[in-house]
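Here are the chains, one letter per residue:
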Amino acid sequence: MQIIKTVAAMNGYIREAIQSGKCIGYVPTMGYLHDGHLSLIKEARKNNDIVVVSIFVNPTQFGPNEDLDSYPRDLDRDAALCEVEGADVIFHPTPEEMYPNGYSTYVETFGEITKKLCGASREGHFRGVTTVLTKLFNIVRPRNAYFGQKDAQQVAVVEKMVRELNYDIHIVPCPIVREKDGLAMSSRNSYLQGHEREDALVLSQSLELAKQMIADGERSTAVIKQAMCDKINSVESTEIDYVEIVDAQELENVETLSGDTLIALAVKVGKPRLIDNVRLEVK
Ligand code: AMP
């Protein structure tokens, strides 16, 4: 496995791979890898000749008061994990390599899809995501790109961007990987202190509650959201950013549940802001 740090070296590697007819699978990450990331690499390994993993903590998707500087990083550990999963290349550029002095080109998807949910509380976040992914797609030139459903809004935004910019890339959404007790795996879980790890279980539990209410016949999103908020607010260390129930394609609000539905939430538990969701077909 190679670790490549410059765009020029990646260009050379990818050009040769494509010339020799290789199918490239790509897993973009910000590193500090866990089993959620590794599930994407495993999926990519099944269906491609070459698997590229990028590890890049992308500054343009962090707001001014967010955790860019403290975001956990451990390249040696990440490289060992990628090697075990059979990745061929890690692309690990510096911020200066991706955004040299005077950098000025951005890609933005407009509309509800980027304004809602995380877009509402993290201004400029999706502009950073679509900009860096455009650059990374141009560098890696994948046939297939793998994304976790954990970031459901990101999947929806990327699918729309790829469609609208006519990228010949197949976006493969992969299921959320959870700890045994239900907590969705996240690099940011490492910020949880003491009892906050236990407290964070209320996120997945509130999603389970919503699923149960729907199974029992409830169809009012207001009633379900209220029950979820009450459950989350019963845990002292939590602070709700949003609890939303939207249609899973365009992320528009719905009053009465039906069809392809996304129940998504973002909650601060102590310091970290954690996200989780379920997607389900409501009959
Ligand atoms: P990140 O490093 O947080 O930017 O995540 C990189 C990719 O891994 C994204 O596509 C995430 O959705 C995905 N991912 C992160 N956590 C999980 C998880 N628990 N299960 C599945 N995929 C995940």
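Residues numbered from 1 in each chain as written. Predicted model: local features only at pLDDT ≥ 70, side-chain atom pairs only at ≥ 80, totals over all residues. Heavy atoms only, no water.

### Structural notes on the site of the ligand
Of all residues adjacent to the ligand, which total 17 residues, the nearest are His37, Gly148, Asp151, Val177 and Met185. Measuring from an oxygen atom of the ligand, one finds a backbone N or O atom of methionine 30 at 2.9 Å. Summarising the interface, the protein chains cover 92% of the accessible area of the ligand, which totals 490 Å² for the free molecule. Looking at the shell around the ligand, the elements with two or more residues in it are strand S2 (24-29), helix H2 (35-47) and strand S5 (144-148). Looking at the shell around the ligand element by element, the count peaks at 3 residues for H2. (Near = heavy atom within 4 Å. Polar contact = N/O pair within 3.5 Å; in protein donor to acceptor, adjacent residues only side chain to side chain. Areas by Shrake-Rupley, 256 points an atom, 1.4 Å probe, with all protein chains shown as cover. Helix = DSSP H or I, 4+ residues; strand = E, 2+ residues; numbered from the N terminus.)

### A word on the sheet that holds strand S8 (residues 259-269)
Strands sit in the order S7-S8-S9 across an open sheet of 3 strands; the sheet is antiparallel. Of all strands in the sheet, those with a lone pairing partner are strand S7 (238-247) and strand S9 (273-282), marking the two edges. Going from strand to strand, the sheet's axes swing by 10° on average, the running direction of each strand aside. Of the strand pairs in this sheet, S7 and S8 are connected by 9 bridges, and their pairing is antiparallel. Each bridged residue has a counterpart across the sheet, and for aspartate 247 the counterpart in S8 is threonine 261. Where helix H10 (residues 201-215) meets the sheet, its contacts fall on S7, S8 and S9, and the angle it forms with S9 comes to roughly 15°. Packing of helix H11 (residues 221-233) onto the sheet brings it into contact with S7 and S8, and relative to S7 it is tilted by some 160°. (Pairing = 2+ DSSP bridges. Axes fitted to C-alpha atoms, helices over the stretch in contact; angles between N-to-C directions. Contact = heavy atoms within 4.5 Å.)

### Points about the pattern of salt bridges
Applying the stated criterion across every chain, the model contains 14 salt bridges. The salt bridge partner of arginine 273 is aspartate 241, with a shortest N-O separation of 2.8 Å. Taken as a pair, arginine 273 in strand S9 and aspartate 241 in strand S7 lie far apart in primary sequence, 32 residues in all. Residue arginine 279 is joined to aspartate 260 by a salt bridge in which the shortest nitrogen-to-oxygen separation is 2.6 Å. Of this pair, arginine 279 sits in strand S9 while aspartate 260 sits in strand S8; the two residues are 19 residues apart in sequence, bridging distant segments of the chain. (Salt bridge = Lys/Arg side-chain N within 4 Å of Asp/Glu carboxyl O.)

### Focus on the sheet that holds strand S6 (residues 170-174)
The strand order S1-S4-S3-S2-S5-S6 describes an open sheet built from 6 strands, whose pairing is parallel. At either end of the open sheet lies a strand with only one pairing partner, and these are strand S1 (2-4) and S6. The average angle at which neighbouring strand axes cross in this sheet is 25°, direction not considered. Along the sheet face, helix H7 (residues 125-140) touches S2, strand S3 (50-55), strand S4 (89-91), S5 and S6 and points at about 150° away from the line of S2.

### Some words on the environment of arginine 273
Sequence separation of arginine 273 and glutamate 164 is 109 residues, and the distance between their C-alpha atoms is 31 Å. With residues near it in sequence (within four places) discarded, arginine 273 still touches Cys118, Ser121, Arg122, Arg188, Asp241, Tyr242, Ala266, Val267 and Lys268. Reaching out from arginine 273, the side chain makes a polar contact with the side chain of serine 121 at a distance of 3.4 Å. Within the structure, arginine 273 has its side chain in polar contact with the side chain of aspartate 241 (distance 2.8 Å).

### Looking at the nonpolar core
Ranked by size, the top nonpolar core spans 47 residues in total, and within it Met10, Val52 and Phe137 carry the most contacts. With 8 residues, H7 is the single largest residue contributor to this core. (Core = buried A, V, L, I, M, F, W, Y, C linked by side-chain atoms within 4.5 Å. Buried < 20%, exposed > 50% of the residue type's maximum accessible area, 1.4 Å probe, protein only.)

### Comments concerning the side chain of lysine 150
Inspection of the secondary structure assignment puts lysine 150 in the loop between S5 and helix H8 (152-164). For the buried lysine 150, no salt bridge exists, and the shortest N-O distance to an oppositely charged side chain is 4.6 Å, to aspartate 151. (Lys, Arg positive; Asp, Glu negative; His and termini not counted.)

### Digging into the packing of aromatic side chains
Enumeration according to the criterion identifies 6 aromatic pairs in this entry. Centre to centre, the rings of phenylalanine 56 and tyrosine 99 are 6.4 Å apart; their planes meet at 35°, and the pair counts as tilted. Of this pair, phenylalanine 56 sits in the loop between S3 and helix H3 (75-85) while tyrosine 99 sits in the loop between helix H4 (95-98) and helix H5 (112-115), and the two are 43 residues apart along the sequence. Assessed through its relative accessible area of 5%, phenylalanine 56 is described here as buried. For tyrosine 99, a relative accessible area of 13% corresponds to the buried category. Judged by centre distance (5.6 Å) and plane angle (75°), the rings of phenylalanine 137 and tyrosine 167 are edge-to-face. Taken together, the residues span a long stretch of sequence, with phenylalanine 137 in helix H7 and tyrosine 167 in the loop between H8 and S6 at a distance of 30 residues. (Phe/Tyr/Trp six-rings, centres within 6.5 Å; stacked < 30°, edge-to-face > 60°.)

### Some remarks on the side chain of arginine 122
Along the chain, arginine 122 turns up in the loop between helix H6 (117-121) and H7. Its relative accessible area of 10% is what places arginine 122 among the buried residues.

### Re the pairing of S9
A large share of S9 lies buried, amounting to 7 of its 10 residues. In this structure, the hairpin formed by S8 and S9 is closed by a connection of 3 residues, where glycine 270 is found at a positive phi of approximately 65°.

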